[in-house]
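Examination of the molecular architecture
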Amino acid sequence: MLIAEVYVEVPVQQINKPFDYLIPVKWQDVVCPGMRVSVPFGPRKLLGFVTKIKTHSELKQLKEIESVLDLDPVLNEELLQLGKWMAAETVCLTIAAYQAMLPAALKGKYQKTVIVAPGKQIQDCSADVQALFGDKTRLNYEEVLASEAVKEIQTEISNGHLELVRHVGSKGSVRTEKVLRILKSHAELETILQETKKGATKQRELLEFLCAGPTEISFNALKAEIAATLNTVKILADRGIVELVEVEQYRDPFSAKSFNQSKHMQLTPLQARVFKQIETAALAERNETFLLYGVTGSGKTEVYLQSIDVVRQEGKQAIMLVPEISLTPQMVTRFKGRFGDDVAVLHSGLSKGEKYDEWRRIHRGEVSVVVGARSAIFAPFKQIGIIIIDEEHEGTYKQEDTPRYHTRNVAIKRAEHHRCPVVMGSATPSLESFARAKKSVYTLLTLGERINQRALPTVSVVDMREELRNGNRSMFSTELAVKIEERLVRKEQIVLLLNRRGYSSFVMCRDCGIVVECPNCDVSLTYHSAGQNLKCHYCGFESTVPTTCPSCQSDHIRFFGTGTQKVEEEMSKRFPNARVVRMDVDTTRKKGAHEKLLQQVESGQADILLGTQMIAKGLDFPNITLVGVLSADTSLHIADFRASEKTFQLLTQVSGRAGRHELEGEVVIQTYTPEHYSIELAALQNYDLFYEREMTVRRQTAFSPYYFMTLMTVSHVDRMTAMDAIHSVAQRVKATLGETSFLFGPTPSPIAKVNNRYRFQCLIKYRQEPNLLTVLSEINEDFGLNSAKTGVFLSIDMNPNMMM
């Protein structure tokens with residue numbers, strides 16, 4: 001007797017454990033850990049993951065596995081163990097960790113059908129139900145709901161004549177196409193052609209084509225060549241000349257794009273020294289974490305490419321991570337150009353079917369390189385030789401929803417298993433990573449100059465307070481406007497950064513001062529001119545723009561702040577001949593939008609690239625000679641202890657887009673706080689001095705990387721209930737903390753209400769608390785067990801990236 005331990009796909013605390021199921025005799029040699037199965041769970045059929053096979057169970061009566069959804073495990077043994085580690089480290093459910101590892105197409109799809117109950121006949125049912133079934137033996141649940149006989153079917157189910165059955169499957173579907181295979185030799189085809197009647201013109205036309213054509217051709221290609229019909233093909237198939245088969249076809253997201261093949265470039269002495277250290281670790285199968293600290297334009301990508309080729313030559317695989325899909329088009333072009341079809345791509349810009357097919361190529365071992373955003377770290381490779389994290393400082397590497405993992409930690413954990421190096425690259429490393437490199441926890445590699453000693457761009461900081469005093473109320477300083485005009489005349493390109501999307505940040509009444517807020521959240525609504533509406537970027541609430549103040553009925557209601565839409569509109573007036581491409585969340589929603597917009601810049605069809613932080617990093621265009629930062633203060637004055645770090649990183653990264661090739665670059669930073677050290681040092685491109693200044697602040701305020709942090713947030717529709725719950729959490733945690741640890745709060749969250757739920761939080765700062773994970777797991781379990789009854793939700797974020 002073989003028994004499978006199965007984690008079922010229900011994300012609730014009560015069942016965060018494996019359940020034992022009997023493996024039917026017919027599948028005892030088939031079922032293995034990592035497979036998905038359909039199992040009975042109460043009255044339902046649920047999808048589950050097999051994690052272990054054993055021969056004994058403490059339970060006397062076991063249900064059987066109903067069906068097997070895979071013949072090949074979707075999670076290998078390493079990923080199964082990684083899921084359990086993630087669940088423990090991030091205080092989440094094990095099933096949530098497993099679900100995060102798979103593309104959406106492999107998540108459970110639950111279908112319900114109504115069938116005639118075993119031992120019964122449709123004639124046992126009412127005439128209306130018989131008419132609805134007709135000659136069918138089962139009905140889809142949707143058909144039942146859409147019919148007028150719903151009540152009668154419900155009665156027949158109660159009477160035992162019909163039965164409601166649940167089926168578990170996958171959302172993903174394999175695409176196939178019809179392929180014509182020739183079963184005869186060319187000589188035999190010639191003979192058959194001679195023997196075919198002259199009047200059978202369609203058959204003769206097809207035979208003539210086959211005599212001169214390939215031994216296999218897709219039916220669609222055949223139709224395009226000679227307009228062949230399916231009927232003609234079937235006639236030849238009946239004669240044993242050809243066969244028509246369904247062949248699996250991958251959805252290729254890059255089928256319409258050609259990639260120019262490239263060869264390895266000659267490395268500079270600095271690049272060669274860095275590459276040698278990575279190569280040595282990779283060939284020695286040594287698990288080592290490198291921090292590649294290289295200024296913008298120093299050639300980090302070429303080091304990545306050649307390091308990956310080293311492990312490919314050894315028959316191993318590589319994972320290349322980028323922080324956002326806006327970086328993926330250029331990175332994909334470079335990797336496809338170097339490694340061709342040996343590259344798979346995984347990011348949110350692909351359709352569900354494309355992601356499913358790319359995942360299957362990885363799973364089947366048909367590629368050895370994957371390029372992608374955060375979730376690509378779970379690529380189901382079995383022999384990883386290197387993992388690379390580009391722009392490692394980016395906040396998008398932290399998952400903000402359950403499971404709240406950081407890609408860096410998962411990468412290091414996977415590299416330990418595969419005994420391979422991790423390379424993290426950045427011109428502005430996170431303070432946590434740089435501090436670890438300083439302490440030799442990571443190995444620091446440095447590229448301190450641009451390729452061929454090209455100069456970093458010259459940077460000027462404009463005090464916008466002086467511009468206002470001089471009567472300039474435009475969003476463009478005099479200096480930036482002049483430099484834009486110069487570039488337009490010289491046919492050079494410009495990047496303008498504004499770290500805010502939409503048209504205006506908020507709508508306010510000038511008489512009473514009220515700001516139009518979301519009714520569900522404690523945030524102001526953002527105005528979008530495209531739809532002439534107000535939107536909440538937290539809960540999705542939308543409303544029309546009021547013509548009078550909702551509080552005092554004044555008609556002096558105006559837009560305040562500046563968004564990318566408003567800048568674009570202003571630019572069309574100020575620089576009417578400039579061709580502007582705007583890149584933000586709103587313009588890049590459609591599939592392929594990133595690549596299309598960047599292609600316009602690369603081909604010279606755009607003079608100005610205007611956008612949010614998605615344009616600040618990774619992009620490499622030779623004709624960009626001017627970068628303008630319209631408001632350096634946007635990210636500086638937010639309720640986040642990392643605000644200075646994020647501002648410095650953003651300004652340094654976007655400055656690096658200018659003058660990367662032959663033409664010299666210039667940067668203009670507009671700000672209302674030019675004296676702030678993050679802005680002063682970003683202008684000097686001096687990361688080392690910024691690191692020293694910011695670390696002093698972090699030490700004085702007891703923040704990361706001097707302390708680990710855990711953020712606990714409680715929410716409920718009733719304010720007092722949420723407040724009571726967070727006080728209960730705080731008391732339990734405080735009782736376990738040592739003298740060197742701190743508990744801050746409870747306090748209302750910075751955004752105190754989201755989607756009509758009140759939010760309170762408390763923050764733990766600690767250096768060593770060996771029992772903290774155990775305590776947090778117990779608290780999380782208690783809240784999870786009671787959340788359905790109390791409506792109180794608790795979230796625990798270990799080392800949070802966002803404090804909102």
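Right above here is the structure, for reference.
Residues numbered from 1 in each chain as written. Predicted model: local features only at pLDDT ≥ 70, side-chain atom pairs only at ≥ 80, totals over all residues. Heavy atoms only, no water.

1. What to know about the overall build of the protein chain
- Regarding its fold elements, the protein chain presents 24 helices and 33 strands.
- For the protein chain, the C-alpha radius of gyration of 31 Å lies close to 28 Å, the compact-globule estimate for 804 residues.
- On the principal axes, the C-alpha backbone points of the protein chain span a range of 90 × 70 × 65 Å.
- Long-range contacts, defined here as pairs at least 24 residues apart, represent 75% of the contacts in the protein chain between residues at least 6 apart.
- For the protein chain, the accessible area works out to roughly 36900 Å², and carbon and sulfur atoms hold 49% of it.
- Here the protein chain contributes 98 positive and 96 negative side-chain charges, whose respective centroids are spaced 1 Å apart. (Helix = DSSP H or I, 4+ residues; strand = E, 2+ residues; numbered from the N terminus. Rg over C-alpha atoms; globule rule 2.2 N^0.38 Å. Contact = heavy atoms within 4.5 Å. Areas by Shrake-Rupley, 256 points an atom, 1.4 Å probe, with all protein chains shown as cover. Lys, Arg positive; Asp, Glu negative; His and termini not counted. Charge placed at Lys NZ, Arg CZ, Asp CG, Glu CD.)

2. Points about the environment of proline 457
- Following the sequence through the fold, proline 457 ends up in the loop between strand S18 (443-447) and strand S19 (458-463).
- Overall, the relative accessible area of 8% leaves proline 457 in the buried class.
- Separated by 181 residues in the primary sequence, proline 457 and isoleucine 638 have C-alpha atoms spaced 28 Å apart. (Buried < 20%, exposed > 50% of the residue type's maximum accessible area, 1.4 Å probe, protein only.)

3. Topic: the sheet that holds strand S32 (residues 757-766)
- Taken together, four strands build an open sheet; the order of strands is S31-S32-S30-S33 and the sheet is antiparallel. At either margin of the open sheet sits one strand with a lone partner, and together these are strand S31 (742-754) and strand S33 (793-798). On average, each strand axis in the sheet is tilted by 20° relative to the strand beside it, whichever way the strands run.
- Across seven bridges, the pairing between S31 and S32 is antiparallel. Looking at S32, one finds that proline 748 is bridged to phenylalanine 760. (Pairing = 2+ DSSP bridges. Axes fitted to C-alpha atoms, helices over the stretch in contact; angles between N-to-C directions.)

4. Topic: the packing of aromatic side chains
- For the structure shown, the criterion picks out 18 aromatic pairs.
- Summarising the aromatic geometry, the rings of phenylalanine 434 and tyrosine 691 are spaced 4.8 Å apart at their centres and angled 75° between planes, so their arrangement reads as edge-to-face. Residue phenylalanine 434 is located in helix H15 (residues 431-438), and its partner tyrosine 691 is located in helix H22 (residues 687-701); the two are separated by 257 residues in the primary sequence. Residues phenylalanine 434 and tyrosine 691 agree in their burial class; the two are buried.
- Relative to tyrosine 766, the ring of phenylalanine 708 has its centre 5.8 Å away and its plane inclined at 35°; by these criteria the two rings are tilted. One end of the pair, phenylalanine 708, is in strand S30 (residues 708-716); the other, tyrosine 766, is in strand S32, with 58 residues separating them in the sequence.
- Exposure remark for tyrosine 766: the relative accessible area of 8% places this residue in the buried category.
- The ring of tyrosine 356 is capped by arginine 360, whose NZ or CZ atom sits 4.8 Å from the centre of that ring. (Phe/Tyr/Trp six-rings, centres within 6.5 Å; stacked < 30°, edge-to-face > 60°. Lys NZ or Arg CZ within 6 Å of the ring centre and 35° of its normal.)

5. As for the sheet that holds strand S16 (residues 384-390)
- What the seven strands build is an open sheet, ordered S14-S15-S13-S16-S17-S12-S18; its pairing is parallel. At either margin of the open sheet sits one strand with a lone partner, and together these are strand S14 (343-346) and S18. Neighbouring strand axes in the sheet, compared pairwise and without regard to direction, differ in orientation by 20° on average.
- Bridge analysis of S14 against strand S15 (residues 369-372) gives four bridges, and the strand direction is parallel.

6. With respect to the pairing of S14
- Residues Val343 and Val345 line one face of S14 and the alternating positions Ala344 and Leu346 line the opposite face, and both faces are buried.
- Each parallel crossover has a hand, and for S14 linked through helix H13 (residues 352-363) to S15 it is right-handed. (Right-handed = clockwise from strand over helix to strand, strands pointing away.)

7. Comments concerning the packing of helix H7 (residues 201-212) against helix H9 (residues 230-238)
- Taken N-terminus to C-terminus, the directions of H7 and H9 make an angle of 75°; their axes are 10 Å apart at the nearest point. With respect to each other, H7 and H9 are oriented roughly perpendicular. Facing H7, whose interface residues are Lys202, Gln203, Leu206, Leu207 and Leu210, H9 presents Thr232, Val233, Ile235 and Leu236.
- Of the residues in the contact of H7 with H9, the class split is six nonpolar, two polar and one charged. (Parallel < 35°, antiparallel > 145°, perpendicular 65-115°, else oblique. Nonpolar A, V, L, I, M, F, W, Y, C, P; charged D, E, K, R; others polar.)

8. Observations regarding the pairing of strand S13 (residues 317-321)
- Within S13, five of the five residues are buried, which leaves it mostly tucked inside the rest of the structure.
- Every second residue of S13 is oriented toward a common face, with Gln317, Ile319 and Leu321 on one face and Ala318 and Met320 on the other, all of them buried.
- Across five bridges, S13 lies against S16 in parallel orientation. From the neighbouring strand, methionine 320 faces S16, where its bridge partner is isoleucine 388.
- In terms of strand pairing, S13 meets S15 through four bridges, oriented parallel. Residue leucine 321 lies in a different strand from S15, and its bridge partner there is glycine 372.

9. Let's talk about helix H17 (residues 478-490)
- Between the first and last C-alpha of H17 there are 19 Å, a value that for 13 residues agrees with the 18 Å anticipated at 1.5 Å per step.
- Those residues of H17 lying buried are Leu480, Ala481, Lys483, Ile484, Arg487 and Leu488. Considered in projection along H17, the buried side chains sweep an arc of 165° and stay on one side of the axis.
- Elements that come into contact with the buried residues of H17 comprise strand S20 (493-497), helix H18 (564-574), strand S27 (608-611), strand S28 (624-629) and strand S29 (666-671).
- Taken from the residues just after H17, lysine 491 is the one with a positive phi, measuring 60°. (Expected span 1.5 Å × (residues − 1). Arc of directions from axis to C-beta.)

10. Topic: the side chain of serine 741
- Summarising the element assignment, serine 741 is placed in the loop between helix H23 (719-734) and S31.
- Residue serine 741 is classed as buried on the basis of its relative accessible area, which comes to 9%.
- Separated by 2.6 Å, the side chains of serine 741 and glutamate 769 make a polar contact.
- Beyond its immediate sequence surroundings of up to four residues, serine 741 is in contact with Lys765, Tyr766 and Glu769. (Polar contact = N/O pair within 3.5 Å; in protein donor to acceptor, adjacent residues only side chain to side chain.)

In short, geometric facts, not functional conclusions.
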